[in-house]
Structure formats: structure tokens, C-alpha cells
Amino acid sequence: MADRSVLVPHGCRYWTNALTDDGYAKAVITVEGRERTVRVHRWLFEQVVGPDPLPPSSVVAHACNESLCVRLEHLSGVSQRANLAQMAAQGRSAGRAHHGRADTRGPLGRAQAIQAALRGGLDLPALAAAMRDGDPRPLVRRALAGGYNVDAYLAAVEASDPSAAQLPLF
């Protein structure tokens, strides 16, 4: 896993290989001689926690809200209803409650930009630019404008999240 991902200072482990059309990490695995494509975060969660606690209607959610993140500590099994409620509370849903907090490049575009910034290793100025560009949150853009500062970034994310009092980042 470490050779296919990069641990960044704010705690996420970003996947650097293949992506789904909606910006999630994907990989091809072989099970009983058959290849299948999996979303890495769900596959990893099931390998460590086991598939039994995850009914078919559940999802593996990212506490960090980063589709590229494959860090086990940021993942939890929740119902789809709970996941959608968290998205709405944070203004990340596309419905009537949307507050413009989705990246304007789309999830795949954002994931590709972050991967491009990490392609040559951990380049913090390039990572800051990839995370900043397209992010509609003024506080986050301002925090990343001068480069990457983990404390300023995390404080801006928390201050931009109207549900931060109820939902911890990690």
C-alpha cells in the first residue's frame, strides 16, 4: 500500500494509482483466480475489519472527506443515509442544501490534480496549489495561498465546515 500512496502532513494517505470516474482510488485484485476491480478504501476496510459488519446498504465513509484517502484511521462503515446526512450538513451535497462547497473541477479532476502534485514525491507547494485551485471555500483557499501549512489548512477546513461542532474531522 505504501508504494501506491503518499502520507501527507494533514494525515491523509493519498492513493497515487488508478482512479474511478468519480475520483476514488481503485485497484484490480485477484480473488479465487478471478480479477475484479475494487474501490481501495472499501476493500482495505473489509480486509482489516471484515465484511461481516458491513451490510450491503452500508458504505465506507471518509471522515476526512477525501476520496483519494486510503488511511484506515479515516474510514468507517456507516449507512448510506448517515453518509448523505453528513454530506448535507457539511454543504457537500448537490441537492437543495448545497452551499457550493464541492470542488469546481469535479471529484475526478480534483483527485487527478492532487495525484499530479504528488507524482514526483511529496511536493508541498504543488500539493497546496492542487488542493487550493477549484476549492470554493474562501478560508481554505486563503490558508493554502501562501503554500502548504498543515495547521492553517486544518483550521480553515474546520472553520469552513458548518457541522464541525457535531462531526469531528478525524
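Residues numbered from 1 in each chain as written. Predicted model: local features only at pLDDT ≥ 70, side-chain atom pairs only at ≥ 80, totals over all residues. Heavy atoms only, no water.

**Q** Help me understand the overall build of the protein chain in this model?
**A** Summing up its helical and strand segments, the protein chain has six helices and six strands in all. Listing the helices and strands of the protein chain from first to last along the sequence gives β-β-β-β-α-β-β-α-α-α-α-α. Here the protein chain holds 170 residues, and the buried ones make up 39% of them. Residue pairs in contact within the protein chain that sit at least 24 positions apart in sequence constitute 46% of those at least 6 positions apart. Surface summary for the protein chain: the accessible area is close to 9200 Å², and the carbon and sulfur share equals 52%. (Helix = DSSP H or I, 4+ residues; strand = E, 2+ residues; numbered from the N terminus. Buried < 20%, exposed > 50% of the residue type's maximum accessible area, 1.4 Å probe, protein only. Contact = heavy atoms within 4.5 Å. Areas by Shrake-Rupley, 256 points an atom, 1.4 Å probe, with all protein chains shown as cover.)

**Q** Explain the packing of helix H5 (residues 138–145) against helix H6 (residues 150–160) here, please?
**A** The packing of two helices is summarised by the inter-axis angle and the distance between the axes. Between H5 and H6, the least distance of the axes is 8 Å, while the angle of their chain directions is 170°. Taken as axis vectors, H5 and H6 run roughly antiparallel relative to one another. Across from Leu 139, Val 140, Ala 143 and Leu 144 in H5, the residues of H6 making contact are Ala 152, Tyr 153, Ala 156, Val 157, Ala 159 and Ser 160. When the residues that make up the contact of H5 with H6 are grouped by side-chain class, the tally is nine nonpolar, one polar and no charged. (Axes fitted to C-alpha atoms, helices over the stretch in contact; angles between N-to-C directions. Parallel < 35°, antiparallel > 145°, perpendicular 65-115°, else oblique. Nonpolar A, V, L, I, M, F, W, Y, C, P; charged D, E, K, R; others polar.)

**Q** What's the story with H6 in this structure? I'm lost.
**A** Owing to its 3.6 residues per turn, the α-helix brings residues three or four apart onto one side. Among all positions of H6, only Tyr 153, Ala 156, Val 157 and Ser 160 are buried. Mapping the buried residues of H6 onto a view down its axis gives an arc of 100°, with all of them on the same face. Residues Asp 151 and Ala 159 are exposed on H6 and point more than 90 degrees away from its buried face. Of the surrounding secondary structure, the elements contacted by the buried residues of H6 are helix H4 (124–132) and H5. (Arc of directions from axis to C-beta.)

**Q** Looking at this model, I keep getting lost on the side chain of Ser 67. Mind explaining?
**A** For Ser 67, the position within the fold is in the loop between strand S5 (58–62) and strand S6 (75–79). A polar atom in the side chain of Ser 67 sits 2.8 Å from the backbone oxygen of Gly 23. (Polar contact = N/O pair within 3.5 Å; in protein donor to acceptor, adjacent residues only side chain to side chain.)

**Q** What is the right way to read the nonpolar core from this model?
**A** Within soluble globular proteins, side chains that are nonpolar tend to cluster in buried spots. Counting residues in hydrophobic clusters, the biggest one holds 28 residues, and the most contacted among them are Tyr 14, Ile 114, Leu 127 and Met 131. Looking at this core, the elements that each hand over two or more residues are strand S2 (13–15), helix H3 (106–118), H4, H5 and H6. In contact with Met 131, other than residues within four places in its own chain, are His 10, Tyr 14, Arg 105, Arg 110, Ile 114, Leu 144, Tyr 148 and Tyr 153. (Core = buried A, V, L, I, M, F, W, Y, C linked by side-chain atoms within 4.5 Å.)

**Q** It is not clear to me how the environment of Asp 161 should be interpreted in this structure. Could you clarify?
**A** As for its position among the elements, Asp 161 is in the segment after H6. Measuring from C-alpha to C-alpha, the distance between Asp 161 and Arg 137 comes to 9.3 Å, with 24 residues separating the pair along the chain.

**Q** Hey, could you run me through the state of the cysteines in this one?
**A** In a disulfide, the sulfur atoms of two cysteines are covalently bonded to one another. The final tally for this structure, using the stated rule, is zero disulfides. In this structure Cys 12 is a free cysteine whose sulfur lies 3.7 Å from that of Cys 64, the closest cysteine sulfur available. (Disulfide = S-S within 2.5 Å.)

**Q** Even after reading the chapter, I still don't get unusual backbone geometry, so can you show me in this structure?
**A** Glycine aside, a negative phi is what most residues show, and trans is what most peptide bonds show. At Glu 32, a residue that is not glycine, the phi angle is positive and equals roughly 50°. One can find Glu 32 in the loop between strand S3 (26–31) and strand S4 (34–39). Look at Glu 32 and you get exposed, because its relative accessible area is 80%.

**Q** Just to check I follow, could you spell out the pattern of salt bridges for this structure?
**A** Opposite charge on two side chains permits pairing when their charged atoms draw close. One pass over the full model with this rule turns up five salt bridges. When the shortest N-O distance is used, the salt bridge between Glu 66 and Arg 110 registers 2.6 Å. Here Glu 66, found in the loop between S5 and S6, pairs with Arg 110, found in helix H3; they are 44 residues apart in sequence, far enough to count as distant. Across the pair, Arg 110 and Glu 66 agree in class, each one buried. Here Asp 133 and Arg 132 are joined by a salt bridge, their closest N and O atoms 3.3 Å apart. According to the relative accessible area criterion, Asp 133 is partly exposed, its value standing at 39%. (Salt bridge = Lys/Arg side-chain N within 4 Å of Asp/Glu carboxyl O.)

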